[in-house]
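Inside the fold
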Amino acid sequence: MLTDLLSLIYASVLACTVVRANPVRRTDSAINWGACDPSVASSTSLSCGYFNVPLDYQDPSVGDARLAVAKINATGERRGTLFFNPGGPGESGIATLNQYVDLLLELTGGLYDVVSWDPRGVGSLTTPGEVFCFDDLEEYTAFFNGTIQLRGIEELDNFSNPADVDALFAQADTMQKKYLEAGQKCLQSPSGKYLKYIGTAATVRDMVAMADALEGTDTPINYLGVSYGTLIGSWFVNMFPERIGRVVIDGILDPVLFASYEISTHFLHYLVSADTIYRTLITGCALAGPAGCAAASTGDGPLDIDAKIQALLKAAYDAAKANSSAPLTSGQIRSDFFVDIYTPTNWSALMNEGYTEAVQIINGEAPGNVSLPKRSSNLPSIRTLVKRASNDSPSYSSPAIWCADSVDSQDTTMADVFHSIIEGTRNISHMFGASWFPQIYTCSLWPVRSVERYQGPFNKKLANKIIIGSNTYDPITTLAGAQRLAGLLGEDAALVRLNGFGHTAIVGEPSTCILETYYAYFTNGTLPANNTVCEVDADFEVFPGVNTADILAKLSSTVDA
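Residues numbered from 1 in each chain as written. Predicted model: local features only at pLDDT ≥ 70, side-chain atom pairs only at ≥ 80, totals over all residues. Heavy atoms only, no water.

1. Here we look at the state of the cysteines
Applicable threshold: Sulfur atoms of two cysteines make up a disulfide when they are within 2.5 Å. Strands are runs of DSSP state E lasting at least two residues, helices are runs of H or I lasting at least four, and both sets are numbered from the N terminus onward. Under the scheme applied here, a residue whose accessible area is under 20% of the maximum for its type counts as buried, over 50% as exposed, and between as partly exposed, the area being computed with a 1.4 Å probe on protein chains only.
Following the criterion strictly, the structure yields 5 disulfides and no others. Each sulfur of the disulfide joining cysteine 403 and cysteine 443 lies 2.1 Å from the other. Taking the sign of the torsion about the S-S bond as the criterion, the disulfide between cysteine 403 and cysteine 443, at about -85 degrees, is left-handed. Linking cysteine 403 in helix 17 (residues 397-405) with cysteine 443 in the loop between helix 19 (438-441) and strand 8 (466-473), this pair joins segments that are 40 residues apart in sequence. Cysteine 443 carries the same exposure label as cysteine 403, and that label is buried. Counting its disulfide-bonded cysteines in sequence order, the protein shows a connectivity of 1-2, 3-4, 5-6, 7-8, 9-10.

Written out as structure tokens, the structure reads:
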């Protein structure tokens with residue numbers, strides 16, 4: 001379905017251009033490196049500083065932005081700077097750099113200064129910084145009280161019950177009014193005057209400006225981008241094809257799809273592999289048995305594990321229907337499971353602790369003021385080390401970036417978004433299609449778009465060849481998207497695939513092959529053969545006694561049967 005959809009839009013995307021071209025270049029800024037505030041970055045390997053850039057590269061009279069920047073110094077013979085973005089959007093580059101010093105030095109052989117930054121709209125040190133639209137959590141909760149914003153969507157069996165469909169559409173007018181009003185609150189907040197200057201094209205230009213200051217004008221730019229960081233990467237290599245040095249983008253957010261459709265009505269097209277990954281989760285649990293997975297009983301197969309999870313969802317659904325104050329809803333459980341399938345290193349904890357705790361909450365055996373997942377630290381979600389403002393309301397940085405970059409709204413209503421959710425649940429992801437993604441679904445009603453958005457083409461001739469990395473089964477950045485981008489770039493890109501599951505090749509599961517491939521490229525310029533396949537390390541156990549190869553073999557035999 002997704003392939004058919006995209007085949008219709010290639011011609012128009014290949015003909016697109018940069019919105020607002022010929023920006024003013026400014027190279028008079030510099031970074032004065034010094035010690036980092038230990039409350040922001042605890043690693044003594046980091047240096048920190050600030051870098052000034054124009055808020056609007058086409059109109060410098062608007063004023064400046066100030067980026068908080070951090071650097072790991074090269075430990076070997078320095079070959080330049082490697083810029084790094086960990087994804088999100090809205091994730092702190094500084095916090096992630098602090099967390100992953102050893103990994104980044106290992107990937108680069110210590111031959112580069114590794115530089116990351118908090119992009120516009122991220123953290124409290126960059127200006128414009130974290131986007132808050134409410135004064136505190138109490139105001140936010142009162143504003144959205146009684147809506148799916150807080151409790152998610154209640155449905156069973158892919159909206160087969162007309163009552164579930166009616167209940168969802170009954171909230172359409174309310175959510176439309178809430179999102180329009182919330183957008184106006186954002187405009188009236190201290191962040192409001194900056195919203196149109198936040199976005200991926202500006203982040204790309206900020207990186208190029210930093211490269212000019214650190215390495216010199218027109219020098220090759222090296223970059224590692226993960227997850228949303230690959231959208232920065234795909235825009236970068238096509239906005240500045242002559243500046244490409246050594247670039248790895250891993251976990252491809254399909255730039256063609258993003259440039260062609262409103263993300264609020266087409267987001268579920270990114271979830272085409274999500275149900276397959278769910279099947280790998282329950283397959284691994286069944287293989288582990290009760291000794292390794294609390295959801296399994298002796299003799300259980302994957303369908304038995306699924307039946308228990310579906311029973312949990314139904315129990316939560318029934319409880320929420322009977323009591324609007326039920327402590328845990330089926331919508332919340334779906335969303336929690338979706339977050340955790342990103343990271344197979346956390347699956348054992350999810351099924352042995354999170355699942356058990358959810359059952360206890362639904363059965364009234366445990367309090368409901370805790371969240372289901374027991375998450376370990378993982379690259380796409382590191383925020384804990386960044387200084388945060390005193391505001392305890394949810395950050396709007398992620399929607400501010402997603403929505404600023406999105407295509408123009410086509411007079412889309414919340415009812416249209418609900419239609420897309422129902423169709424996506426029925427046709428794309430039965431398990432996760434009804435999850436509520438507020439940072440995405442607000443975009444058609446978001447009040448602004450960025451002053452610059454790149455919408456193609458995505459097939460520019462590059463100065464140097466790059467690596468595109470992907471997992472075989474990624475819940476949000478699909479292999480199909482990576483293959484599509486690699487096909488557009490042709491001989492200028494080599495696709496590397498990790499034969500596993502989870503979000504991105506570098507984070508999803510441990511793979512010595514992936515690390516060695518990226519290392520060889522960054523240190524020696526060795527480009528792998530296109531369509532190289534790496535395996536997950538055999539000694540990594542997803543569940544006790546069960547590795548990735550075991551799960552893939554069982555999954556394959558089940559499909560073949």
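2. Description of the packing of helix 13 (residues 274-292) against helix 16 (residues 347-362)
Packed helix pairs are characterised by how far apart their axes lie and by the angle those axes make with each other. Keep this limit in mind: Lines fitted to C-alpha atoms define the axes, with helix axes restricted to the stretch in contact, and inter-axis angles between N-to-C directions lie between 0 and 180 degrees. Handedness of each helix crossing follows the sense of rotation of the near helix against the far helix: counterclockwise by less than a right angle gives left-handed, clockwise gives right-handed. Contacts are assigned to residue pairs with any non-hydrogen atoms lying within 4.5 Å of each other.
Contact geometry for helix 13 and helix 16: axes closest at 10 Å, N-to-C directions at 65 degrees. Here helix 13 runs over helix 16; the crossing is right-handed. Contact residues: Ile277, Thr280, Leu281, Cys285 and Gly292 in helix 13; Trp347, Ser348, Leu350, Met351 and Asn352 in helix 16.

3. Topic: the environment of aspartate 537
Positionally, aspartate 537 belongs in the loop between strand 10 (532-535) and strand 11 (541-543). For aspartate 537 and threonine 512, which are 25 residues apart along the polypeptide, the C-alpha to C-alpha distance reads 6.5 Å.

4. What to know about the nonpolar core
Heads up, the condition is: Note on terminology: a nonpolar core comprises buried Ala, Val, Leu, Ile, Met, Phe, Trp, Tyr and Cys residues joined through side-chain atoms within 4.5 Å.
In this structure, Phe236, Met351, Ile466 and Ile468 are the most contacted members of the largest nonpolar core, which totals 172 residues. Broken down by element, the residue count for this core peaks at 8 residues, all from helix 13. Filtering out sequence-adjacent residues up to four positions away, phenylalanine 236 remains in contact with Val204, Met207, Val208, Ile221, Tyr223, Pro241, Arg243, Ile244 and Val247.

5. Details of helix 8 (residues 172-188)
Every α-helix carries 3.6 residues per turn, so stepping three or four residues along brings you back to the same face. Our working definition: The span you would expect from a helix comes to 1.5 Å times its residue count less one. Think of the arc as the fan of directions from the helix axis to the C-beta atoms.
In this model helix 8 runs 24 Å from its N-terminal to its C-terminal C-alpha over 17 residues, within 8% of the 24 Å that 1.5 Å per residue would give. Buried residues of helix 8: Ala172, Met175, Tyr179, Ala182, Gly183 and Cys186, and no others. Buried positions in helix 8, seen along its axis, are confined to an arc of 105 degrees and lie on one side of it. Seen from the buried face of helix 8, the exposed residues on the opposite side, beyond 90 degrees, are Asp173, Lys177 and Gln188.

6. Remarks on the packing of aromatic side chains
Using the following cut-off: Note on aromatic contacts: the rings of Phe and Tyr and the six-membered ring of Trp form a pair at centre separations within 6.5 Å, being stacked when their planes are under 30 degrees apart, edge-to-face when over 60 apart, and tilted otherwise. By definition here, charges over rings are those cases where NZ of Lys or CZ of Arg is within 6 Å of the ring centre and within 35 degrees of the ring normal.
Considering all chains together, one arrives at 27 aromatic pairs under this definition. Measuring from centroid to centroid gives 6.1 Å for phenylalanine 134 and tyrosine 396, while their planes differ by 40 degrees, and the two rings are tilted. Here tyrosine 396 lies in the loop between helix 16 and helix 17 and phenylalanine 134 lies in the loop between strand 5 (113-118) and helix 5 (137-143), a separation of 262 residues in the sequence. Take phenylalanine 134 and tyrosine 396: they sit in the same class, and that class is buried. With a centroid separation of 4.9 Å and 45 degrees between ring planes, the pair formed by tryptophan 436 and tyrosine 441 is classed as tilted. Each member of the pair, tryptophan 436 as well as tyrosine 441, carries the same accessibility label: buried. In textbook terms, an aromatic cluster arises when at least three aromatic residues are bridged by ring pairs, as seen for Phe169, Phe267, Tyr270, Tyr278, Phe338, Tyr342, Phe418, Phe432, Trp436, Phe437 and Tyr441. Stacked on the ring of phenylalanine 143, the Lys or Arg lysine 178 has its end atom at 4.4 Å from the ring centre.

7. Examining the packing of helix 8 against helix 18 (residues 414-427)
As a reminder of what qualifies: Orientation labels follow simple angle bins: below 35 degrees gives roughly parallel, above 145 gives roughly antiparallel, 65 to 115 gives roughly perpendicular, and whatever is left gives oblique. Note on residue classes: Ala, Val, Leu, Ile, Met, Phe, Trp, Tyr, Cys and Pro are nonpolar, Asp, Glu, Lys and Arg are charged, and everything else, Gly too, is polar.
Running from N to C, helix 8 and helix 18 cross one another at 120 degrees; their axes reach a closest spacing of 8 Å. Our classification of the angle between helix 8 and helix 18 gives oblique. In contact with Ala172, Met175, Gln176 and Tyr179 of helix 8, helix 18 contributes Met414, Ala415 and Phe418. Taken together, the residues of the contact of helix 8 with helix 18 break down into 6 nonpolar, 1 polar and no charged.

8. A few points about unusual backbone geometry
That bond from threonine 127 to proline 128 is cis: its omega, 5 degrees, falls within 30 degrees of zero. Assignment of secondary structure puts proline 128 in the loop between strand 5 and helix 5. Located in the positive-phi region is serine 227, a residue other than glycine, with phi close to 60 degrees. By the secondary structure assignment, serine 227 is in the loop between strand 6 (221-226) and helix 10 (229-239).

9. What about the side chain of threonine 203?
Summarising the element assignment, threonine 203 is placed in helix 9 (residues 200-215). Classification of threonine 203 as buried rests on a relative accessible area of 3%.

10. Re the sheet that holds strand 3 (residues 64-72)
The strands that make up a sheet are held in pairs by hydrogen bonds between backbone atoms, and each pair lies either parallel or antiparallel. Inclusion rule: Whether two strands pair comes down to DSSP finding at least two bridges between them.
The 10 strands lie next to each other as 1-2-3-5-4-6-7-8-9-10, forming an open sheet whose pairing is mixed. Each edge of the open sheet carries a strand with a single partner, namely strand 1 (34-35) and strand 10. Note that strand 1 and strand 2 (residues 46-54) share 2 bridges and pair antiparallel. Note that in strand 2 the partner of alanine 35 across the bridge is serine 47.

11. Observations concerning the pattern of salt bridges
Short version of the rule: Only one rule defines a salt bridge in this text: a Lys or Arg side-chain nitrogen within 4 Å of an Asp or Glu carboxyl oxygen.
Counted according to the given criterion, the structure contains 15 salt bridges. Residues arginine 453 and aspartate 408 are paired through a salt bridge, measuring 3.0 Å at the closest nitrogen-oxygen approach. In this pair, arginine 453 is assigned in the loop between helix 19 and strand 8 and aspartate 408 in the loop between helix 17 and helix 18, connecting sequence segments 45 residues apart. Three or more residues are tied together by salt bridges with common partners; here these are Lys461, Lys465, Glu491 and Asp492.

12. Overview of the pairing of strand 8
Counting buried residues along strand 8, 7 of its 8 residues qualify, which places the element largely inside the surrounding structure. The pairing of strand 7 (residues 244-250) with strand 8 spans 3 bridges and is parallel. Bridge assignment links valine 248 to a residue of strand 8, and that residue is isoleucine 467. Of the pairings in the sheet, the one linking strand 8 to strand 9 (residues 493-501) comprises 7 bridges and is parallel in character. Counted as the bridge partner of isoleucine 467 is alanine 494 from strand 9.

13. Topic: the environment of asparagine 524
Mapped onto the elements of the fold, asparagine 524 is located in helix 21 (residues 512-524). On the accessibility criterion, asparagine 524 (54% relative accessible area) is exposed. In sequence terms asparagine 524 and glycine 109 are 415 residues apart; their C-alpha atoms lie 9.8 Å from each other. If near-sequence neighbours (up to four positions away) are discounted, asparagine 524 is found in contact with Arg79, Arg246 and Tyr519.

14. Thoughts on the side chain of threonine 276
In this structure, threonine 276 sits in helix 13. With relative accessibility at 17%, the residue threonine 276 sits in the buried group. Ignoring sequence-local partners within four residues, the contact set of threonine 276 consists of Tyr473 and Leu555.

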